[in-house]
Amino acid sequence: VQLVESGGGLVQAGGSLRLSCAASGLTFSYYHMAWFRQAPGKEREFVAAIAWNGGRIYYADSVKGRFTISRDNAENTVYLQMNSLEPEDTAVYCCAAKTLTMQVSTTSAHGYNYWGQGTQVTVSS
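**Q** Describe in detail the overall build of the chain, supporting the description with residues and values.
**A** Helix and strand counts for the chain come out as zero helices and 11 strands. Walking the chain from its N terminus toward its C terminus, one meets helices and strands in the order β-β-β-β-β-β-β-β-β-β-β. Expected size for 125 residues packed as a compact globule is a radius of gyration near 14 Å; at 13 Å, the chain falls within 12% of this value. In terms of overall dimensions, the chain has a C-alpha envelope of 40 × 25 × 25 Å along the principal axes. Across the 125 residues of the chain, 41% fall into the buried class. Of the contacts made within the chain by residues no fewer than 6 positions apart, 59% connect residues no fewer than 24 positions apart. Summing over all exposed atoms, the chain offers an accessible surface of approximately 6300 Å²; the carbon and sulfur share of this is 46%.

**Q** Account for unusual backbone geometry, with residues named and values stated.
**A** Within the chain, Asn76 stands out as a residue other than glycine whose phi angle is a positive 55°. With a relative accessible area of 27%, Asn76 lands in the partly exposed category. Positive phi outside glycine occurs at Ser84, with the angle close to 50°. The residue Ser84 is located in the loop between β8 (77-82) and β9 (91-99) in this model.

**Q** Talk me through the sheet that holds β8; I want residue IDs and the actual numbers.
**A** If you trace the four strands from one edge of the open sheet to the other, you get β1-β3-β8-β7, paired in antiparallel fashion. Single-partner strands in this sheet number two, and they are β1 (2-6) and β7 (67-72). Neighbour-to-neighbour, the strand axes of the sheet open up by a mean angle of 15°, direction not taken into account.

**Q** Which residues make up the pairing of strand β11 (residues 119-124), and what values go with them?
**A** As a general feature of sheets, a regular strand has side chains that alternate between the two faces. Burial along β11 is one-sided: the residues Thr119, Val121 and Val123 are buried and none of Gln120, Thr122 and Ser124 is. Where strand β2 (residues 9-12) lies against β11, four bridges are found, and the strand directions are parallel. From the neighbouring strand, Gln12 faces β11, where its bridge partner is Ser124. Strand direction decides the pairing type here: β9 and β11, joined by three bridges, are antiparallel. Bridging from a neighbouring strand, Ala91 pairs with Val121 of β11.

**Q** Requested: an account of the environment of Thr101, with residues and values cited.
**A** Along the chain, Thr101 turns up in the loop between β9 and β10 (114-115). Measuring from C-alpha to C-alpha, the distance between Thr101 and His32 comes to 9.0 Å, with 69 residues separating the pair along the chain.

**Q** Account for the packing of aromatic side chains, with residues named and values stated.
**A** The final tally for this structure, using the stated rule, is five aromatic pairs. Site record: aromatic cluster; members linked through ring pairs are Phe36, Phe46, Tyr112 and Trp115. Positioned above the aromatic ring of Tyr79 is the side chain of Arg18, whose terminal nitrogen or guanidinium carbon lies 4.0 Å from the ring centre. Sitting over the face of the ring of Phe28, Arg71 holds its NZ or CZ atom 4.4 Å from the ring centroid.

The rules we used
Every chain is numbered on its own, with residues counted from 1 as its sequence reads. In keeping with the model being predicted, local features are shown solely for residues with a pLDDT of at least 70 and side-chain atom pairs are shown and tallied solely at 80 or more, while totals for entire chains, interfaces and linings include all residues. The side-chain quantities take in all heavy atoms of the structure and omit both hydrogens and water. Note on conventions: DSSP H or I runs of at least 4 residues are helices, E runs of at least 2 residues are strands, and numbering of each starts at the N terminus. Only C-alpha atoms enter the radius of gyration, while the globule expectation follows 2.2 Å times N to the 0.38, with N the number of residues. Buried means the residue's accessible area, taken with a 1.4 Å probe over protein chains only, is under 20% of the maximum for its type, while exposed means over 50%, and partly exposed covers the values in between. A contact between two residues is defined here by any heavy atoms of the two lying within 4.5 Å. Note on areas: Shrake-Rupley, 1.4 Å probe, and residue coverage restricted to the protein chains presented here. Here, a strand pair is defined by DSSP locating no fewer than two bridges between the strands. Between N-to-C directions, angles cover 0 to 180 degrees, with each direction set by a line fitted to C-alpha atoms, over the stretch in contact for helices. Only Phe, Tyr and Trp rings are paired, with Trp represented by its six-membered ring, and only when their centres lie within 6.5 Å; those with planes under 30 degrees apart are stacked, over 60 edge-to-face, the remainder tilted. We call a charge positioned over a ring when the NZ of a Lys or the CZ of an Arg lies within 6 Å of the ring centre and within 35 degrees of the ring normal.

In structure tokens:
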């Protein structure tokens with residue numbers, strides 16, 4: 001199984017980025033998907049999650065209204081559209097997959113079966 005993130009980079013505050021996570025080696029539609037992030041010296045933080053069929057979506061309060069998670073099961077890909085970026089959003093962003101038999105609503109990193117390596121997002125002020 002591989003989860004490969006892309007789309008990170010350097011952007012000015014107020015700008016936008018779109019992250020992608022391409023999955024292979026698994027039946028993508030059997031998995032809930034999520035984005036987490038980790039800034040230097042900080043704990044890993046939940047960002048957003050989407051159910052296996054896109055029917056339920058959850059966001060961290062810190063990104064609600066600015067970020068949008070979506071998925072394309074035909075393309076085995078999950079996306080994170082990030083708008084109005086702030087310097088505090090600077091982190092490595094990772095996608096993760098969890099079997100649909102688990103709850104999608106939890107913000108905990110526990111229970112996720114697979115993780116990507118991450119993509120760096122840097123927001124300058």
